[in-house]
Amino acid sequence: MKVYRGVENFVPPTYPVVTTGTFDGVHEGHMVILDRIKEIAQQKNGETVVVSFDPHPRSIIHPHLDIKLIHSIDEKIERLEKAGIDHFVIIPFTKEFSRISSFEFVRDVLVNTLNAKLLVIGYDHQFGRNREGSVTELEDYALTYGFEIEQIEAQTFENINISSTKIRKALEVGDFETANQFLGYDFMLSGKVVHGNKLGSSIGFPTANIEVKSLHKLIPSNGVYIVTVEVDSHTYGGMLNIGSKPTVNNTELKTIEVNIFDFDSDLYGKEVKINFKHRIRSEQKFDSVDQLKEQLAKDKEASLLYLGQ
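Keep in mind that what you see is a predicted model, and the values were worked out from it rather than measured. (Residues numbered from 1 in each chain as written. Predicted model: local features only at pLDDT ≥ 70, side-chain atom pairs only at ≥ 80, totals over all residues. Heavy atoms only, no water.)

Enquirer: Describe the packing of aromatic side chains, listing the residues and the values that go with them.
Expert: Enumeration according to the criterion identifies 14 aromatic pairs in this entry. Summarising the aromatic geometry, the rings of Phe176 and Phe276 are spaced 5.3 Å apart at their centres and angled 10° between planes, so their arrangement reads as stacked. Here the residue Phe176 occupies a position in helix H8 (residues 176-183), and Phe276 occupies one in strand S14 (residues 271-281), the gap between them amounting to 100 residues. For Phe176, a relative accessible area of 0% gives the class buried. (Phe/Tyr/Trp six-rings, centres within 6.5 Å; stacked < 30°, edge-to-face > 60°. Helix = DSSP H or I, 4+ residues; strand = E, 2+ residues; numbered from the N terminus. Buried < 20%, exposed > 50% of the residue type's maximum accessible area, 1.4 Å probe, protein only.)

Quick look at the structure:
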């Protein structure tokens, strides 16, 4: 997949089949759209083009809000590449860009720059300044500029419409069964291993401290989770704690620490990917370190059983 950070270097293929949106999570509903543009591109001997924005539009339009997203931009790139997309165009979203009208977006971006031949959109698609553009307007623009448009209906799971908002809400409360079903894969968190206080090693459960660079990355609520960890092209089971470690700390500083099973190598400075499977329990304060160790042993046993190890 070719990635373009801006439209300046994009050279349109002969028959671009385009879709546009934020695509936070690249979930099962999004996959219906992506599969459709791939199907059309194959029929028309064309190529697929996904257009999205970075940073997320809401973080620019509403800077006072604490925006939390399922994916960082790099994670989104990874998911779209796995989906088999040919071209991913990332438009830098600025205050100036937010002011362009729906007409200008269609004329200047979709038509003059991307040379869109067919545009596939979701059921709730809106675009342009203040989200003024509707499907009706798009249909009018399509007639004016000579491209086709196709709209995809809302996708459901057990009669519930799939949306990024619903996935985010499930993740925030640790409901990974729902979130992962809607996503179609395990929620992931990527970051670099940094030095910690090594308290885990002192009680027999050494942990890798994960630093997440993306400011808007959604971090699940404090608690203990069953995970798998991808590092150096290998996957390991593990259990992860998010929180302030109240039994051994006198600070509210939130950390992300993972105990990787059957692993004994130096990880400092390496990038790892955490795949969340299941929430075991909330973070809690124990009366003693010994009680904490007993609970961690139970957590590990539950994790190994869940992972089938």
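From this point, the discussion proceeds with the structure in view.
Enquirer: Tell me about the pairing of strand S12 (residues 234-243), and please be specific about residues and values.
Expert: With respect to burial, S12 is a largely interior element, seven of its 10 residues being buried. As defined by bridge partners, strand S11 (residues 223-231) adjoins S12 across nine bridges and the pair is classed as antiparallel. When the bridges of S12 are listed, Glu230 appears paired with Thr235. The turn linking S11 back onto S12 is made up of two residues, and Asp232 within it adopts a positive phi angle of 50°. By the bridge criterion, six bridges tie S12 to strand S13 (residues 255-260) in an arrangement that is antiparallel. (Pairing = 2+ DSSP bridges.)

Enquirer: So what about the nonpolar core? Which residues, and what values?
Expert: One finds Leu34, Leu240, Val258, Ile274 and Phe276 to be the most contacted residues of the largest nonpolar core, which totals 50 residues. If near-sequence neighbours (up to four positions away) are discounted, Val258 is found in contact with Pro206, Thr207, Ala208, Ile210, Val227, Val229, Met239, Leu240 and Ile274. Residues Val51, Ile91, Phe105 and Ile121 belong to the second largest nonpolar core, which totals 24 residues. (Core = buried A, V, L, I, M, F, W, Y, C linked by side-chain atoms within 4.5 Å. Contact = heavy atoms within 4.5 Å.)

Enquirer: Now, about the sheet that holds S14: what can you tell me, with residues and values included?
Expert: With antiparallel pairing, the six strands of this closed barrel are ordered in space as S9-S10-S13-S12-S11-S14. Going from strand to strand, the sheet's axes swing by 45° on average, the running direction of each strand aside. Of the strand pairs in this sheet, strand S9 (residues 188-194) and S14 are connected by five bridges, and their pairing is antiparallel. Looking at S14, one finds that Ser190 is bridged to Lys273. (Axes fitted to C-alpha atoms, helices over the stretch in contact; angles between N-to-C directions.)

Enquirer: So what's going on with the environment of Tyr306? Which residues, and what values?
Expert: With respect to the helices and strands, the residue Tyr306 is situated in helix H10 (residues 289-307). Residue classification places Tyr306 among the partly exposed positions, given a relative accessible area of 43%. Spatially, the C-alpha atom of Tyr306 lies 22 Å from that of Ile219, the residues being 87 residues apart in sequence. Ignoring anything within four residues of it in the chain, the contact list for Tyr306 reads Glu177, Ile226, Lys277 and His278.

Enquirer: I'd like to hear about the environment of Gly174, residue by residue, with values.
Expert: Looking at the secondary structure, you find Gly174 in the loop between helix H7 (164-172) and H8. For the pair Gly174 and Phe93, spaced 81 residues apart in sequence, the C-alpha to C-alpha distance is 31 Å. The residues touching Gly174, leaving out its near neighbours within four places in the chain, are Ser221, Tyr225 and Arg279.

Enquirer: An account of the sheet that holds strand S4 (residues 87-92) is needed here, citing residue identities and associated values.
Expert: Strands sit in the order S1-S4-S3-S2-S5-S6 across an open sheet of six strands; the sheet is parallel. In this open sheet, the two edge strands, each paired with only one partner strand, are strand S1 (2-5) and strand S6 (148-151). Recorded for the sheet is a direction-independent mean angle of 20° between the axes of neighbouring strands. Of the pairings in the sheet, the one linking strand S3 (residues 47-54) to S4 comprises six bridges and is parallel in character. Note on S4: the bridge partner recorded for Val49 is His87. Contacting strand S5 (118-121) and S6, helix H6 (residues 135-145) runs over the sheet at an angle of about 155° to S6.

Enquirer: How would you sum up the pattern of salt bridges? Please name residues and give values.
Expert: As enumerated under the stated definition, the model contains 14 salt bridges in all. Close ionic contact of Glu75 with Lys217 constitutes a salt bridge, the shortest N to O distance being 2.7 Å. Highlighted residues: Glu75 in helix H3 (residues 73-82) and Lys217 in the loop between strand S10 (208-211) and S11, separated in sequence by 142 residues. A relative accessible area of 2% means that Lys217 is categorised as buried. In this structure, Glu230 and Lys273 form a salt bridge, with 3.6 Å as the shortest nitrogen-oxygen distance. You can see Glu230 sitting in strand S11 and its partner Lys273 sitting in strand S14, a full 43 residues away along the chain. (Salt bridge = Lys/Arg side-chain N within 4 Å of Asp/Glu carboxyl O.)

Enquirer: So what's going on with the packing of helix H5 (residues 102-111) against H6? Which residues, and what values?
Expert: The contact between H5 and H6 brings their axes to 11 Å, and the two run at 45°. Overall, the two elements H5 and H6 adopt an arrangement that is oblique. The way H5 lies across H6 gives a crossing that is right-handed. The residues of H6 that touch H5, namely those facing Ser102, Phe103, Val106, Arg107 and Val111, are Glu137, Leu138, Tyr141 and Tyr145. (Parallel < 35°, antiparallel > 145°, perpendicular 65-115°, else oblique. Left-handed = near helix turned anticlockwise from the far one by under 90°.)

Enquirer: Mind laying out the pairing of S11, listing which residues take part and the relevant values?
Expert: For S11, a buried count of eight out of nine residues is recorded, marking the element as mostly surrounded by other parts of the structure. Note that S11 and S14 share seven bridges and pair antiparallel. The residue of S14 that forms the bridge with Val229 is Ile274.

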